[in-house]
Amino acid sequence: MNGGDDAAASSAATSGPPPSLEWRFSQVFGERTAGEEVHEVDIISAIEFDKSGDHLATGDRGGRVVLFERTDTKDHGGSRRDAEEMDYSVRHPEFRYKTEFQSHEPEFDYLKSLEIEEKINKIRWCQPANGALFLLSTNDKTIKYWKVQEKKIKKISEMNIDPFNDRGSGCRLPIIANGVHADKPQDYLSEDFSFPPGGIPSLRLPVVTSQETSLVARCRRVYAHAHDYHINSISNSSDGETFISADDLRVNLWNLEVSNQSFNIVDVKPTNMEDLTEVITSAEFHPIHCNMLAYSSSKGSIRLIDMRQSALCDSHTKLFEEPEAPGSRSFFTEIIASISDIKFSKNGRYILSRDYMTLKLWDINMDSGPVASYQVHEHLRPRLCDLYENDSIFDKFECCLSGDGSRVATGSYSNLFRVFGASQGSTEAATLEASKNPMRRQIQTPARSCRSMTSVVRRGSESPGSDANGNAHDFTTKLLHMAWHPTENSIACAAANSLYMYYA
């Protein structure tokens, strides 16, 4: 199954790691001016590219979903030869605003006296059909299936004769709702009405003058009342028919066409809640095999399950976890070990996980430990007490992989994000800022890259109280959400209410 991957790996080993990328600013949407106040409802809470990379969706805390479409792949206005003669290095994905719609509204659960906020937790694109776009969005409790399609709006020209004025006879007669004159019998047209000599030269019948197109978002399905706890993940299957949703204790399997029934396939809820030791933090379908999925836990483990084994997947096929180093346990050990996000590589061979301190890359064929670890917040270890006091230690950072799997990325504080080379022997490690000058805070630390479970790739700042440039960390500005374009070296990341895009 992975013969192609092994061949690619051996080829990469002989040719050496790819050169480090130079990241450039591409676009920004919703840029703030200096001193401008950010409204809570405008803060971006989810980002997702579709499989083609031609569309990008963002969700915010106000329950809105905003769609962007790529513009540099169409309307070039030139011949193919002209396009081929263009310098490829200056071409990069460019997007424009497409449409937006209100996906979720704030609700109140009267049975539990619980307010359900409208914040979008996750967005996932589904298979497009007949020119329409389909996507799933979820808040804490309810998942919705949306169809976004262009609708033609017909405009009809009006007739140019006065309905109250019979120009042939020069008389004015009132007209009632059924279209006949009030003081005439209903058959008067056939008996009395006659066209003037030469007819009515300016008479026009109504015709369609234009057909404008407008994007319309329509909710096709609502999947509700299936989760007692907050939904943290949704992921659609490669079969195009099913998807999973996960909360703290359960993973449910849905059919896109059936909104009133789901199947519980993972349940970690103990009989006695006092025996609860870990919760589900993220879940993801395998990108190729629709029977396989992985979910992570607050104890830092990842479980790979095969739905063909049993209806209720209580037992896992493989367990991925890193043994705890002896003598390293502290009050914060379990908190910082909790995995906030997992992503499969495009070929399904690797799983990327993010905990508070590190990024880890796992080979699904090797469950003895990660094949690579990347230090992201190691320099914050002396400040864990402060981070616990201000709740920053519970921040959930997302991670992403490039389409070819050669690089990984994740966010940090002070609106910084990190990009690491994941190829054999790569020493690439860059820290960039979500601004129009991303390279301002770039760090390149030569370090030997290791892809074994016993070695740790250490790259980045080791200064305990500041970033690479000696600037104090700003824990109020955090880059939690980001996505990598599926086919190109392009990254979209969210800094508060602003969407920044970069290319290399």
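Computed from a predicted structure; not experimentally measured.

*Asks:* Please clarify how the environment of K436 should be interpreted in this entry.
*Replies:* Within the secondary structure layout, K436 lies in the loop between β27 (429-433) and β28 (482-484). Relative accessible area serves as the criterion here: at 47%, K436 is assigned to the partly exposed category. Separated by 405 residues in the primary sequence, K436 and E31 have C-alpha atoms spaced 10.0 Å apart. The contact partners of K436, leaving out residues within four places of it in the chain, are F25, V28, E31 and Y500.

*Asks:* Teacher, can you tell me more about the sheet that holds strand β20 (residues 341-344) here?
*Replies:* Backbone-to-backbone hydrogen bonds join strands into a sheet, with any given pair of strands oriented parallel or antiparallel. Spatially, β20-β21-β22-β23 is the arrangement adopted by the 4 strands of the open sheet, whose pairing is antiparallel. Each edge of the sheet is formed by a strand with only one pairing partner; in this case those strands are β20 and β23 (372-375). Looking at each pair of strands side by side, their axes are set apart by 15° on average, direction ignored. Of the strand pairs in this sheet, strand β21 (residues 350-354) and strand β22 (residues 358-363) are connected by 5 bridges, and their pairing is antiparallel. Bridge pairing in β22 places I351 opposite W362.

*Asks:* Before we go on, may I ask you to explain the environment of G30 in this structure?
*Replies:* You can see G30 is positioned in the loop between β1 (24-29) and β2 (44-49). For the pair formed by G30 and D42, sequence separation is 12 residues and the distance between their alpha carbons is 9.4 Å. With sequence-adjacent residues up to four places away left out, G30 is seen in contact with N497 and S498.

*Asks:* I would appreciate a short explanation of the pattern of salt bridges in the present structure.
*Replies:* Side chains carrying opposite charge are able to pair once their charged atoms draw close together. Scanning the model with the defined rule gives 27 salt bridges in all. Note that R303 and E278 form a salt bridge whose closest N and O atoms lie 3.1 Å from each other. With R303 in strand β18 (residues 302-306) and E278 in the loop between β15 (258-267) and β16 (280-285), this residue pair connects regions lying 25 residues apart in the sequence. According to the relative accessible area criterion, R303 is buried, its value standing at 15%.

*Asks:* Just checking my understanding: could you explain the pairing of strand β13 (residues 242-246) for this structure?
*Replies:* Along any regular strand, the residues point their side chains to alternate faces of the sheet. Most of β13 is tucked away: 5 of the 5 residues are buried. Covered by surrounding structure in β13 are T242, I244 and A246 together with F243 and S245, the residues of both alternating faces. The pairing of strand β12 (residues 233-236) with β13 spans 4 bridges and is classified as antiparallel. For N236, the partnering residue across the bridge sits in β13 and is F243. Examined bridge by bridge, β13 and strand β14 (residues 250-255) share 5 bridges and lie antiparallel to one another. Paired with I244 across the bridge in β14 is L253.

*Asks:* How do you make sense of the side chain of K141 when you look at a structure like this?
*Replies:* Position of K141 among the secondary structure elements: in the loop between β9 (133-138) and β10 (143-156). Although K141 is buried, it forms no salt bridge, and the closest oppositely charged side chain is D228 at an N-O distance of 5.9 Å. In terms of polar contacts, K141 uses its side chain to reach the backbone carbonyl oxygen of H227, at 3.5 Å.

*Asks:* What exactly am I supposed to notice about the environment of S238 here?
*Replies:* Mapping S238 onto the fold places it in the loop between β12 and β13. When its relative accessible area of 30% is taken as the criterion, S238 is described as partly exposed. Along the backbone, S238 and N291 are 53 residues apart, and their C-alpha atoms lie at a distance of 9.1 Å. In this structure the side chain of S238 is engaged in a polar contact, spanning 2.9 Å, whose partner is the backbone oxygen of I288.

*Asks:* How should I be thinking about the pairing of β18 in this particular structure?
*Replies:* With 5 of its 5 residues buried, β18 lies for the most part within the structure. In terms of strand pairing, strand β17 (residues 292-297) meets β18 through 5 bridges, oriented antiparallel. By the bridge assignment for β18, L293 is matched with I305. Between β17 and β18, which pair antiparallel one after the other, the connecting turn spans 4 residues, and G300 there sits at a positive phi close to 90°. In this sheet, strand β19 (residues 318-320) lies alongside β18 in antiparallel orientation, the contact comprising 3 bridges. The partner of R303 across the bridge, within β19, is L319.

*Asks:* Any chance you could explain the confidence of the model for the protein here in plain terms?
*Replies:* Do not read the predicted coordinates in detail wherever pLDDT is low. When pLDDT is averaged across the protein, the result is 83; 78% of the residues are at 70 or more. Here helix α1 (residues 3-15) stands out as the least confident element of the protein, with mean pLDDT 48; strand β8 (residues 122-125) is the most confident, with 98. Note on residues 76-80: pLDDT under 50 across the span, and 1 contact to partners over four residues away in sequence or across chains. Confidence drops under a pLDDT of 50 for residues 184-189, and excluding neighbours within four residues, the segment shows 6 contacts in the predicted structure.

*Asks:* Where do I start with the nonpolar core in this structure?
*Replies:* Looking at soluble globular proteins, one finds that nonpolar side chains tend to be buried together. Formed by 18 residues in total, the largest nonpolar core has its most connected members in W23, F417, V419, M482, I491 and C493. Going through the elements one at a time, β26 (416-421), β27, β28, β29 (490-495) and β30 (498-503) are the ones with two or more residues in this core. The leading source of residues in this core is β29, at 3 residues. Setting aside residues no more than four positions away along its own chain, W23 makes contact with V419, L432, P438, M439, W484, N489, S490, I491, Y502, Y503 and A504. One finds Y350, L352, V376 and V408 within the second-largest nonpolar core, a separate group that totals 14 residues.

*Asks:* Honestly, the sheet that holds β1 in this entry has me stumped. Any pointers?
*Replies:* The sheet built from 4 strands is open, its strands ordered β1-β30-β29-β28 with antiparallel pairing. One side of each edge strand has no neighbouring strand; the edge strands of this open sheet are β1 and β28. Averaged over all neighbouring strand pairs, the angle between strand axes comes to 20°, with direction disregarded. Where β1 meets β30, 5 bridges bridge the pair, whose relative direction is antiparallel. Counted as the bridge partner of F25 is Y502 from β30.

*Asks:* What should I look at first to understand a nonpolar patch on the surface in this one?
*Replies:* Nonpolar side chains collect at one region of the surface, where F331, Y388 and F394 lie side by side and expose about 320 Å² of accessible area between them. Relative to the elements of secondary structure, F331 occurs in the loop between β19 and α4 (333-337).

Criteria and cut-off values
- Sequence order as written defines the numbering, with residues in each chain counted from 1.
- The predicted nature of this model means local features are confined to residues of pLDDT at least 70 and side-chain atom pairs, given and counted, to a pLDDT of 80 or more, with totals for whole chains, interfaces and linings taken over all residues.
- Derived side-chain values reflect all non-hydrogen atoms in the structure, with water molecules and hydrogen atoms excluded from consideration.
- Comment: elements are numbered from the N terminus, with helices defined as DSSP H or I runs of at least four residues and strands as E runs of at least two.
- Type-normalised accessible area, obtained with a 1.4 Å probe on protein chains alone, sets the label of each residue: buried when under 20%, exposed when over 50%, and partly exposed for intermediate values.
- Throughout, a contact is declared for two residues whenever any of their heavy atoms are within 4.5 Å.
- Paired strands, in this sense, are two strands between which DSSP finds at least two bridges.
- Fitted lines through C-alpha atoms give the axes, limited to the stretch in contact for helices. The angle between two N-to-C directions lies from 0 to 180 degrees.
- For salt bridges, the criterion is a side-chain nitrogen of Lys or Arg within 4 Å of an Asp or Glu carboxyl oxygen.
- The positive count covers Lys and Arg only, the negative count covers Asp and Glu only, and His and the chain ends enter neither.
- Contacts described as polar in this section are N or O atom pairs within 3.5 Å, which, within protein, must combine one atom able to donate a hydrogen with one able to accept it, while residues neighboring in sequence count only if both atoms come from side chains.
- Predictor confidence is given residue by residue as pLDDT, running from a minimum of 0 to a maximum of 100.
- Buried Ala, Val, Leu, Ile, Met, Phe, Trp, Tyr and Cys residues form a nonpolar core when they are joined through side-chain atoms within 4.5 Å.
- Excluding any residue in a salt bridge, patches collect residues exceeding 30% relative accessible area, merging like charges within 9 Å and nonpolar Val, Leu, Ile, Met, Phe, Trp and Tyr side chains within 5 Å.
- Note on areas: Shrake-Rupley with a 1.4 Å probe; residue coverage comes only from the protein chains shown.

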